[in-house]
Amino acid sequence: MGQVISLPFKLASTTLTFYRGFFHYLLGSGRNSPYLPPSHPDSTVPAYLCLPKSTSSNDVAQTTTCISSSSWTIPSFTSTPLFYQHARMHLYTLASAFYLYHKPHYRKPSYKEDIVDNFANVAIPGTGLPLSLFVWNKPLALGLVCTASPIVSAIASFYLWFKTRGKSSISEEYAIRLLAPDDWFSYWRLNCRVAGMHSLLNNNPSGYDMENKWTFLEEGAKRGVPVSPYLDTPAIVVKHRNEEGGLGIYFYKNATDGGDWIIQERISNGDWVNKHLPSNAPLSTFRVITQSRGAIDITKECKVEDVTALSCVFRAGRKEAETDHSAIMFDVDVKTGKVLGGTSSAHWYRLGLFEWLRCQWRSTDHAITHHPDGNIPVAGSVVPDIREMLHLVESSHQKLCPDVPLVGWDVVLSADKKLPVCLLEVNLSCNFFRGSFDRKVYLDFLEDMVTKMQSQRLSADKEGKKFK
């Protein structure tokens, strides 16, 4: 009974912490003073965003580092340094989105245009409404943050409690969802905000040019990186088989000849990948995320040791799908190459007026062991030469874009004996696709990035810098 009575007060306290922390970094001293970690003697981080000094060391010992991708499964996670560190990074970057809003983005005229485009096919699960509707202007976006964040976090917390038959804590899960969210969407947006801030404050370093697929392929080939092969033919002509005369003819001018199209040889899945897929599955890639400490200070030389592979996910494509975007995402242990459980984020893409009637709020927590199209066993297999794959992306990050903080690599294990492992493309505003990773390594990196970026932002304010 006591827990039931105290629940509203716990939820209210967490909500107050969210508003205080968000506005601290949006308008308060967190916006106008250097960011210094709590360990620094001159730190201005508010006490409510730091681990209470009264917390017992026994409570935090088991979660000094955390590789699990689901915080709610970790006992007393909200009483650990990692939780508070994550909360600071989440709230700082969330507030920074409003600083970026009308400023140039490395791939769009403004950050606003980038998020509107990216949110067009993403909905809050169970609503059916594209998130792009709520970010068309600053007041609307601010309203979304201040109202939808607590509401959705509360619904998700009660839903998980109901789904687990009371095994989860509503107040603990609410604190995680609101202050240190670990779902794929929140990690994606956090990484996007860091990329947007970093590129803006560092005058768009050359590494961000790799987002252009043709630049990536050209530079990769020049620097000895095994990228997906492309053809040198000036153009191709495609004609529909059922159209007469000159109808149904399409001309594609190759990028090698100044055109807009990249004409490539078709890449096929290798034997290991095919073994875990149904027939007629698309090219199925691995998403590997790397971070570069060379991006913290781009004036210094970056060595390959400064780049770390954080996570790896095998995206097993569905039967007769054209791409692997609807894939089952199987987590991969980066140390051993063992394939772990699979999951999906499809419920985030259920758009439509009536989706709230049938869309689940949360997906299974890596509970999928077999590919659903054919009941093919996947979990438990071992990715061949995982260390070779990780070294490839780490060295490629160092060669191609050491001045970019986080890069998502699409890696192919192909059937081509001459090119058994190659890189398809890079994603600089990347997400983990629910892969697990050492969050302590990731959050320490982000805190160092934020410390540097806040210093650069204050210098830009002082200079009255105009971004172009």
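A brief structural summary. (Residues numbered from 1 in each chain as written. Predicted model: local features only at pLDDT ≥ 70, side-chain atom pairs only at ≥ 80, totals over all residues. Heavy atoms only, no water.)

Glancing now at the overall build of the protein chain. Each helix and strand counted, the protein chain has 12 helices and 10 strands in total. Out of the 468 residues in the protein chain, the part that is buried amounts to 52%. Contacts spanning at least 24 positions in sequence make up 69% of the contacts within the protein chain whose residues lie at least 6 apart. (Helix = DSSP H or I, 4+ residues; strand = E, 2+ residues; numbered from the N terminus. Buried < 20%, exposed > 50% of the residue type's maximum accessible area, 1.4 Å probe, protein only. Contact = heavy atoms within 4.5 Å.)

On to the pattern of salt bridges. Enumeration over the complete set of coordinates arrives at 17 salt bridges. The shortest N-O distance in the salt bridge between glutamate 447 and arginine 88 comes to 3.2 Å. Of this pair, glutamate 447 sits in helix α12 (residues 439–463) while arginine 88 sits in helix α4 (residues 81–100); the two residues are 359 residues apart in sequence, bridging distant segments of the chain. We note that glutamate 447, like arginine 88, is buried. The structure contains a network of salt bridges with shared partners spanning Glu173, Arg177, Asp182 and Asp183. (Salt bridge = Lys/Arg side-chain N within 4 Å of Asp/Glu carboxyl O.)

Below, the discussion takes up a nonpolar patch on the surface. A cluster of nonpolar side chains, Ile236, Val238 and Tyr250, forms an exposed patch at the surface whose accessible area comes to about 250 Å². On the secondary structure map, valine 238 appears in strand β1 (residues 235–239). Residue classification places valine 238 among the partly exposed positions, given a relative accessible area of 36%. (Patch = residues over 30% accessible without salt bridge, like charges linked within 9 Å, V, L, I, M, F, W, Y side chains within 5 Å. Areas by Shrake-Rupley, 256 points an atom, 1.4 Å probe, with all protein chains shown as cover.)

Strand pairing in a sheet relies on backbone hydrogen bonds, with the paired strands running either antiparallel or parallel. In spatial order, the strands read β6-β5-β4-β3-β9-β10; together these six strands make up an open sheet with antiparallel pairing. If you trace the sheet from one side to the other, it starts and ends with β6 (339–343) and β10 (421–427), each paired once. Across the sheet, the mean angle from the axis of one strand to that of its neighbour is 30°, orientation sign disregarded. Inspection of the sheet shows strand β3 (residues 286–292) paired to strand β9 (residues 406–413) by six bridges, in the antiparallel sense. Among the inter-strand pairings, threonine 290 is bridged to a residue of β9, identified as valine 407. Each of β9 and β10 is contacted by helix α9 (residues 213–222), which is oriented at about 140° to β10, the strand it contacts most. (Pairing = 2+ DSSP bridges. Axes fitted to C-alpha atoms, helices over the stretch in contact; angles between N-to-C directions.)

Turning next to the packing of aromatic side chains. All chains considered together, the criterion is met by 25 aromatic pairs. Residues tryptophan 184 and phenylalanine 185 carry aromatic rings whose centres are separated by 6.0 Å and whose planes lie at 90° to one another, so their mutual orientation is edge-to-face. The exposure classification of tryptophan 184 matches that of phenylalanine 185, with both residues buried. With 6.4 Å between their ring centres and 55° between their planes, phenylalanine 216 and tryptophan 409 make a pair best called tilted. With phenylalanine 216 in helix α9 and tryptophan 409 in strand β9, the pair connects residues that are 193 residues apart, well separated along the chain. Judged on exposure class, the residue phenylalanine 216 and its partner tryptophan 409 are both buried. In this structure an aromatic cluster arises from ring pairing among Phe18, Tyr19, Phe22, Phe23 and Phe98. The ring of tyrosine 99 is capped by lysine 103, whose NZ or CZ atom sits 4.1 Å from the centre of that ring. We note arginine 189 situated over the ring of tryptophan 188; from NZ or CZ to the ring centre the distance is 4.7 Å. (Phe/Tyr/Trp six-rings, centres within 6.5 Å; stacked < 30°, edge-to-face > 60°. Lys NZ or Arg CZ within 6 Å of the ring centre and 35° of its normal.)

Right, let's talk about the side chain of threonine 285 for a bit. Position of threonine 285 among the secondary structure elements: in the loop between α10 (271–275) and β3. Under the relative-accessibility criterion, threonine 285 is labelled buried at 2%.

A few words now on the nonpolar core. Ranked by internal contacts, the top residues of the largest apolar core, which has 73 residues, are Phe22, Tyr25, Phe83, Leu406, Tyr442 and Leu446. For this core, the secondary structure elements donating two or more residues are α1 (2–26), α4, α5 (111–118), α6 (138–163), α7 (170–179), α8 (184–201) and α12. Per-element tally for this core: the top contributor is α4, with 13 residues. Each residue touching leucine 446, except ones within four places of it in the same chain, is listed here: Met89, Leu190, Val194 and Leu406. Counting 41 residues, the second largest nonpolar core, distinct from the first, contains Phe216, Val339, Val407 and Val426. (Core = buried A, V, L, I, M, F, W, Y, C linked by side-chain atoms within 4.5 Å.)

Here we take up the pairing of β6. Judged by how many residues are buried, β6 sits mostly within the fold: four of five residues are covered. In this structure, strand β5 (residues 328–332) lies alongside β6, joined through three bridges in antiparallel fashion. Directly across from phenylalanine 330, in β6, lies its bridge partner glycine 342. Connecting the antiparallel pair β5 and β6 is a turn made up of six residues, with glycine 337 showing a positive phi of about 85°.

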